[in-house]
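Reading the structure
Here is how the chains run, residue by residue.
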Amino acid sequence: MTQAAGTTGLKSRLVLLITFMSAFGFSIEAEAEANLEPVVVSQVKDADPGAGDGDPLQGGNNADQAGGVDLDGILIYDSNDGFTNGEDHGQELWRSDGTDEGTYLLKDISVGAPNSSLPSWYTEFKGMVYFTALKDSLTGIEMWRTDGTTEGTELFFDFNEVIFESGAPVNLTVVGDTMYFLANSDGLGGDAFVSKELWKTDGTVAGTTMVKDIKSSSTNAAYNLTPYGDSFFFTYKDPTDGKELWISDGTESGTHMVKNIGPGSADGLPYPSSYQDENDFYVFNGLLFFEANDGSGTELWRSDGTGPGTFQFKDINGTAGGSMGFGGQFTELNGELFFSWDFGMQKTDGTVGGTVPLTIPGGTNHPLHTVRIGNEIFFIGTSSRIFKSDGTNAGTELVVQLDPPNVIQNVTAFDGNLYFVYDDGVHGKELWRNDGTELGTERLTDINEAGDSLVNELTVVGDRLFFRGDDNDATGIELWQVLADRTPPETTIDFGPAEGENLAIDEASFTFSSSEPGSTFNCVLDGGTPEPCNSGSKTYVGLGVGDHTFEVAAVDPAPFGNVDPTPATRNFSFGVEDPDPDPDPDPDPVPPDKSSPTLRLKAKKRQFSARRVVVKATCVNETCTLKAKGKIKVKVRKASGKFRTRKFNLKLVKRGAAKGKTVTLRVKLPNKARRLVKRAMRNRKITRIRVTVWATDEAGNTRHLTRKVKVLKKKRKLRG
């Protein structure tokens, strides 16, 4: 196994080209039997240069995973840069695209040493990340938001304007077009999970209101928000009823307790006082499945949001005492709901009769960390065993039993594989992965050769898996990543003969580029053998008379080697002459039609779609063929906050039109341009597009017209 070599140098970039696992003594020939695609593991940045800890990803909503959030391919997280230019920023808001230059402090919210804003509860909502942070003792812990730029990072709402008190919002949960959360506004214990009431926001200050002040008490607490259609379930605790199941539709009257499951003031729900694992509540077939205890033990319950429709679904063990003392770990697969109980795994189709055990080879007590990958579920059994199942007894198997039987933690699905943290007794706690086979199990890192690397807070952002890693005294606890690039590059011909051009000489030169830096290229002429053309240019001399086709495909850098499946193509010719005239022409030839068709265009000057531009064309006096293409200029906000203009050619559209018939042409935007236009629309920037339409009649005469269109965000109409 290739081990981490990044413990030398303060800002060294560790690149691990993954080989096969030597820890189990597998031979190199066994690699072909596994399905482990290449990945690259590296330290993203030493935020606090030297042995100091950058201490990233501390503000996650879960104790083990998800220390940040994905914002349009950018990781929004927290980190500590220690002393930079003589100024101590503390634990503040950062961003990273996986590169050193693209990883930096977004905003020092709590200014001055040794203050830290300690951002947490990151939640993406309507194109921005909302989070909680401490500005100072006067403002307290309130709700902030960012669009990924320094200028776009701002205080959103101060819930408790009393000096030295905090709103301290938690459990930010998106339900449709509304985000719900819990916050304190009465000055009672603003930094704890007590005295928090239910709030909502539509992303505007005016639209941020309390849903309901359930009970005025310094000891009540609400948490565990779970979307349920247009409503949501949550748990609420107070001294009178205990911890019970509630539901809300976002209105005061529609917020109420579903049922008092636990007798009297006893807790009906067994979850911790802060928050449960993300899959301990699960909505399946229109019902909420969860664990509850009515005094006879913790069992599987269901609810439709009403009191009569909330009851014990099944006593799994069928004996006195509870059956589910460790959490349900619900996971859906192929129309069935799977969940763990104290002595194994169960599945249900939503009926009591259809709730049956899943046979696990060798058995296991209370499977943990159930995740779905493709059409299989993976889970961890006792003695460090990894299982997988396609949902059937026959398709449930032991993948691998790791030795020694240490605890497997931080189980995460990424790149079609199972990633987890495990201590093999030699290297300490490190990052591992498994592809669903015994041979496809390998250790990816040995960041700290002297002991544990403290790998945790695994956070998936696109084709990167970010995590915390500690290389001990070299750089300390910093941000690391696994890069699994499976996206092929896009190839563009920048210079060369125009499409359909007839050359006067037997030579053609092309230059081309790739969407991914460092790519190589393969060139093909007239369907021949591909040949490397890595200089970014290619010249052909001695072309034969006739038609030719040039193709070039980019290949992104090793170790990935993804090839552009749609090579850039250019058709051209050399020395093609017009056919010889008719040797015996008609003595009375019909005069050729040299009149151009009459073309009319109509296009709305303002359009609101990032997918296509719509133009209506009419050939007034005769049948013709319509062809349209265009150029686009879109303003893109850079990381610095400034804007730059990107230009793209739009895809070609061809269509016929009968005489006098109006035809609607939809000029589609390529995927990359579409993403940038959407971003520009969110930033309320205008994208300018020029569309040109050619009309060609049956005699070959042409005429073209051009229309200019602005693409922008549509203003919402005010209700009422």
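These numbers come from a predicted model, not from an experiment. (Residues numbered from 1 in each chain as written. Predicted model: local features only at pLDDT ≥ 70, side-chain atom pairs only at ≥ 80, totals over all residues. Heavy atoms only, no water.)

Scanning the chain for helices and strands turns up 1 helix and 56 strands. Taken across its 720 residues, the chain has 49% of its residues classed as buried. For the chain, long-range pairs separated by at least 24 residues make up 54% of all intrachain contacts whose partners lie at least 6 apart in sequence. Total accessible area computed for the chain in this model is approximately 33200 Å², and 49% of it derives from carbon and sulfur atoms. (Helix = DSSP H or I, 4+ residues; strand = E, 2+ residues; numbered from the N terminus. Buried < 20%, exposed > 50% of the residue type's maximum accessible area, 1.4 Å probe, protein only. Contact = heavy atoms within 4.5 Å. Areas by Shrake-Rupley, 256 points an atom, 1.4 Å probe, with all protein chains shown as cover.)

Counting 30 residues, the largest nonpolar core has L626, L665, V677, I689 and V693 as its most contacted members. Only β48 (599-602), β50 (612-619), β51 (624-637), β53 (653-657), β54 (662-668), α1 (671-682), β55 (687-697) and β56 (702-711) provide two or more residues apiece to this core. The next biggest cluster of nonpolar side chains, apart from the first, holds 26 residues, and it includes M128, V175, F234 and W246. (Core = buried A, V, L, I, M, F, W, Y, C linked by side-chain atoms within 4.5 Å.)

Here the focus is the sheet that holds strand β47 (residues 568-574). With respect to topology, 5 strands assemble into an open sheet ordered β41-β47-β46-β43-β44, the strand pairing being mixed. The open sheet has two free edges, formed respectively by β41 (502-503) and β44 (531-532), since each of these has just one partner strand. Pairing geometry for strand β43 (residues 520-525) and strand β46 (residues 546-555), over 6 bridges, is antiparallel. From the neighbouring strand, L525 faces β46, where its bridge partner is F550. (Pairing = 2+ DSSP bridges.)

Taken as a whole, this structure holds 2 disulfides when the rule is applied. The partner cysteine of C523 in its disulfide is C533, sulfur to sulfur 2.0 Å. One quick way to see it: the torsion about the S-S bond of C523 and C533 is about 95°, and its sign makes the bridge right-handed. Highlighted residues: C523 in strand β43 and C533 in the loop between β44 and β45 (537-541), separated in sequence by 10 residues. With relative accessibility at 0%, the residue C523 sits in the buried group. Here C533 falls in the buried class, since its relative accessible area comes to 4%. (Disulfide = S-S within 2.5 Å.)

This part takes up the confidence of the model for the chain. Regions with low pLDDT should not have their predicted coordinates read in detail. Looking at the chain as a whole, its pLDDT mean stands at 83, while 84% of the residues score no less than 70. Considering only residues more than four positions removed or in separate chains, one finds that residues 1-32, a stretch of pLDDT under 50, has 81 contacts. Contacts for the low-pLDDT stretch residues 188-194, under 50 throughout, to residues beyond four places or in other chains number 24 contacts. (pLDDT = per-residue confidence, 0-100.)

What follows covers the packing of aromatic side chains. When we look at a pair of aromatic rings, we describe it by the centre distance and by the angle of the planes. This structure, assessed with the given rule, holds 27 aromatic pairs. Between the aromatic rings of Y122 and F131, the centroid separation amounts to 6.2 Å while the plane-to-plane angle is 45°, which identifies the pairing as tilted. Just as Y122 is buried, F131 falls in that class too. Through successive ring pairs, a cluster of aromatic residues spans F125, Y130, F156, F157, F159, F181 and W199. Over the ring of Y540 we find K538, and its NZ or CZ is 5.6 Å from the ring centre. (Phe/Tyr/Trp six-rings, centres within 6.5 Å; stacked < 30°, edge-to-face > 60°. Lys NZ or Arg CZ within 6 Å of the ring centre and 35° of its normal.)

Let us look at the pattern of salt bridges. Considering all chains together, one arrives at 13 salt bridges under this definition. Taking the shortest distance from any N to any O, the salt bridge between R679 and D72 comes out at 3.3 Å. Taken as a pair, R679 in helix α1 and D72 in the loop between β3 (69-71) and β4 (74-80) lie far apart in primary sequence, 607 residues in all. When its relative accessible area of 27% is taken as the criterion, R679 is described as partly exposed. Residues E531 and K538 are paired through a salt bridge, measuring 3.4 Å at the closest nitrogen-oxygen approach. Judged by relative accessible area, which is 30%, E531 ranks as partly exposed. Among the charged side chains, a salt-bridge network with shared partners connects D72, R679 and R682. (Salt bridge = Lys/Arg side-chain N within 4 Å of Asp/Glu carboxyl O.)

With that settled, consider the environment of L444. Tracing the backbone through its elements, the reader meets L444 in the loop between β36 (441-443) and β37 (456-461). Residue L444 is classed as buried on the basis of its relative accessible area of 0%. Between the alpha carbons of L444 and Y419 there is a distance of 9.5 Å; along the sequence they are 25 residues apart.

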